[in-house]
Amino acid sequence: MSDSIVEDEIDASRAPLLDHLIELRRRLLYCIAAIVVAFGVSYWFAEDIFGFLVQPLLHAGQKTVIYTQLFEAFLVKLKVAFFAAVMISFPVIANQLWQFVAPGLYRKERRALLPFLLATPVLFICGAALAYYMAIPMALHFLLGFQGDVGGVHQQALPAIGNYLSIVMQFLFAFGIAFLLPVLLMLLERAGIVTRKQLIGARRYAIVGATAVAAVLTPPDLMSQVLLAVPLILLYEIAIIGIWFTERKRAREAGTDIVEV
């Protein structure tokens, strides 16, 4: 890219600070409006959404949930509606974020950033699906296995709806965010904060870190921890491979030797 083209792009992206703040406020208002509208729709279907979230508990053999505080059921309904609203409105939020950031980027930077933005919801949904269909049922099977006679006393699980929702949301967000690891690492590499060689050298520490994160974010049963730790390690390796491909592309565009893996 010639110096004149670069200067033209910089001049085209310049704007006074006040204009940036006005634009930011406009984008935030759009995001809030999207969340409010989605919340209204989600609140109407909150019971159906909670019915979907409670299916792993039902399949684990637990057919009763309780609430011990008068406002607990209502607050759970609000939380479910808000959780669903954020998920539904995410495309609008991501689009507004892109609309705000894109004018300040070079054309090449826009082409580089857009795939990461598109991959974010896909990876998050993949992680949340793994949590919902595999990790949560295994964790519930482990946790509900403590029911029975203990010292002559019958021990029975009566999960509160608020606690159950908190556990489910913790699983969904933990797995969903964990699956964004390749996006994070590749963005850090694009920003020059880390390099592929540094990531390769830190592989052993990444394995230890993935195991520690899985131990903190999941119940103490081994299978739930493995279901989070193994994907984290694999995603770390996928990020290294993805960075290698981007290095090859940049090397070809610069006319230099292709980076060896």
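Look up: the structure comes first, before these words.
Keep in mind that this is a model prediction, so the values were computed, not measured. (Residues numbered from 1 in each chain as written. Predicted model: local features only at pLDDT ≥ 70, side-chain atom pairs only at ≥ 80, totals over all residues. Heavy atoms only, no water.)

> Quick one: what's the story with helix H5 (residues 72–101), residue by residue and with numbers?
Here H5 spans 40 Å end to end across 30 residues, near enough to the 44 Å set by a 1.5 Å rise per residue. The largest bend in H5 is about 50 degrees, located at Phe90, with the proline Pro91 one to four residues further on. Here H5 has its buried residues at Glu72, Val76, Val80, Ala81, Phe83, Ala84, Ala85, Ser89, Ala94, Gln96 and Trp98. (Helix = DSSP H or I, 4+ residues; strand = E, 2+ residues; numbered from the N terminus. Expected span 1.5 Å × (residues − 1). Bend = angle between axes of the 7 residues up to and from the residue. Buried < 20%, exposed > 50% of the residue type's maximum accessible area, 1.4 Å probe, protein only.)

> How would you sum up the pattern of salt bridges? Please name residues and give values.
Once the charged atoms of two side chains with opposite charge are near each other, the side chains can pair. Taken as a whole and assessed by the stated rule, the structure comprises 4 salt bridges. Note that Glu23 is salt-bridged to Arg26, the shortest N-O span being 3.0 Å. Of this pair, Glu23 and Arg26 are both found in helix H2 (residues 17–44), 3 residues apart, which corresponds to roughly one turn of the helix. Exposure remark for Arg26: the relative accessible area of 35% places this residue in the partly exposed category. Measuring nitrogen to oxygen at the nearest pair gives 2.7 Å for the salt bridge that ties Glu23 to Arg27. Here Glu23 pairs with Arg27, and both are found in helix H2, just 4 residues apart, close to one helical turn. Residue class for Arg27 comes out buried when judged on its relative accessible area of 13%. A cluster of three or more residues bridged by salt bridges with shared partners is formed by Glu23, Arg26 and Arg27. (Salt bridge = Lys/Arg side-chain N within 4 Å of Asp/Glu carboxyl O.)

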